[in-house]
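Architecture at a glance
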Amino acid sequence: MPKPPTLGRQRRTNPVVWCFAIVCSIIATTIIIAGIVIFSGYLVLRPKVPLLSVRAARLDSIYYNGDVFAVKLMVVIRAENHNRKAHASFYDTRLLLGYHGVRIARLVADPFDVPRNGTVDLNYVVESSPIPLPREEQYLTDQSMKKSRLMLFVLKGSSKTMWKVGPLGEVKFTLHMDCELVLPVNGSVLHSRCSTKSH
């Protein structure tokens, strides 16, 4: 008859392994709970990224004698915060207004706050000094003045925004603006829909 198998001494698990397993379990549980809290907070608060948009622009006057160019115009930038439960802060707001690659003016703003579900308008009046135009820009300006009666300006730049999303803490984004403003020379107001993109 075959001999019954003999059982050796049972090996006990090293306490270090148990400690490591317990620590891993605690970390995994914490991550899961944090994920549930963040997801629940997002569903409840529905946070939205604040933005800047061109509310209106108007070319008030233009001087052009064939090679020297100067303008006076008005631009209204609107800061919007569509969060119902948090105010938003804007800072490092720097925009550059140009004309066919020629810099006209830099538009800046000190740090400011926008209340929850509110807006703040930034009103800029730009009056440039006389600017010599390169030959290609002279041709484009001649065409704009004599034919289309429309002047193309470009507004580029960025702003940073920060707001607190309940228990989730502070959220920061950089907003980038790249807008073309086609302004009539007769002083009509352009109501633009151009706004920033967040990154």
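Structure: above.
Let me begin by describing the structure that accompanies this report. (Residues numbered from 1 in each chain as written. Predicted model: local features only at pLDDT ≥ 70, side-chain atom pairs only at ≥ 80, totals over all residues. Heavy atoms only, no water.)

Below, the discussion takes up the state of the cysteines. Taken as a whole and assessed by the stated rule, the structure comprises one disulfide. At a sulfur-sulfur separation of 1.9 Å, the disulfide partner of cysteine 179 is cysteine 194. As the torsion about the S-S bond is roughly -85°, the cysteine 179-cysteine 194 disulfide counts as left-handed. On the criterion of sequence distance, the pair formed by cysteine 179 in strand 9 (residues 170-184) and cysteine 194 in the loop between strand 10 (189-190) and strand 11 (197-198) is long-range, its members being 15 residues apart. On the accessibility criterion, cysteine 179 (0% relative accessible area) is buried. (Disulfide = S-S within 2.5 Å. Helix = DSSP H or I, 4+ residues; strand = E, 2+ residues; numbered from the N terminus. Buried < 20%, exposed > 50% of the residue type's maximum accessible area, 1.4 Å probe, protein only.)

So, about helix 2 (residues 135-148). The end-to-end C-alpha distance of helix 2 is 19 Å, a good match for the 20 Å that 14 residues give at a rise of 1.5 Å each. Turning to helix 2, its buried residues are Glu137, Thr141 and Ser144. Looking down the long axis of helix 2, one finds its buried residues gathered within 60° of arc, a one-sided arrangement. Turned more than 90 degrees from where helix 2 packs its buried face, Arg135, Glu136, Tyr139, Lys146 and Lys147 sit exposed. Those residues of helix 2 that are buried are in contact with strand 1 (51-64), strand 2 (68-81), strand 3 (88-99), strand 4 (102-109) and strand 8 (150-164). Taken from the residues just after helix 2, arginine 149 is the one with a positive phi, measuring 60°. (Expected span 1.5 Å × (residues − 1). Arc of directions from axis to C-beta. Contact = heavy atoms within 4.5 Å.)

Right, let's get into the environment of valine 102. Mapped onto the elements, valine 102 comes out in strand 4. Among the residues examined, valine 102 registers a relative accessible area of 15% and is labelled buried. With 30 residues separating them in the primary sequence, valine 102 and proline 132 have C-alpha atoms 9.4 Å apart. Leaving out residues up to four positions away in the same chain, valine 102 has contacts with Leu97, Ile131, Leu133, Pro134 and Glu137.

Scanning all chains against the criterion turns up four aromatic pairs. Ring geometry for tyrosine 99 and phenylalanine 153: centres 5.4 Å apart, planes at 45°, overall tilted. Highlighted residues: tyrosine 99 in strand 3 and phenylalanine 153 in strand 8, separated in sequence by 54 residues. One exposure class covers both tyrosine 99 and phenylalanine 153, and it is buried. Each residue in the set Phe69, Tyr99 and Phe153 is aromatic and connected to the rest through ring pairs, giving one cluster. (Phe/Tyr/Trp six-rings, centres within 6.5 Å; stacked < 30°, edge-to-face > 60°.)

Our focus in this paragraph is the environment of proline 132. Assignment of secondary structure puts proline 132 in strand 7 (residues 131-132). For the pair formed by proline 132 and tyrosine 64, sequence separation is 68 residues and the distance between their alpha carbons is 9.7 Å. Apart from the residues within four sequence positions on either side, proline 132 is in contact with Asp67 and Val68.

A general feature of soluble globular proteins is that nonpolar side chains tend to end up buried together. Residues Phe69, Leu73, Ile77, Ile104, Phe153 and Leu155 are the most contacted members of the largest nonpolar core, which totals 40 residues. When residues of this core are traced back to their parent elements, those giving at least two are strand 1, strand 2, strand 3, strand 4, strand 5 (112-114), strand 6 (118-127), strand 8 and strand 9. Here this core takes six residues from strand 2, the largest share from any one element. In this structure, phenylalanine 69 is in contact with Ile62, Tyr63, Tyr64, Tyr99, Ile104, Ser129, Pro130, Ile131, Leu133, Thr141, Met151 and Phe153, ignoring residues within four places of it in sequence. (Core = buried A, V, L, I, M, F, W, Y, C linked by side-chain atoms within 4.5 Å.)

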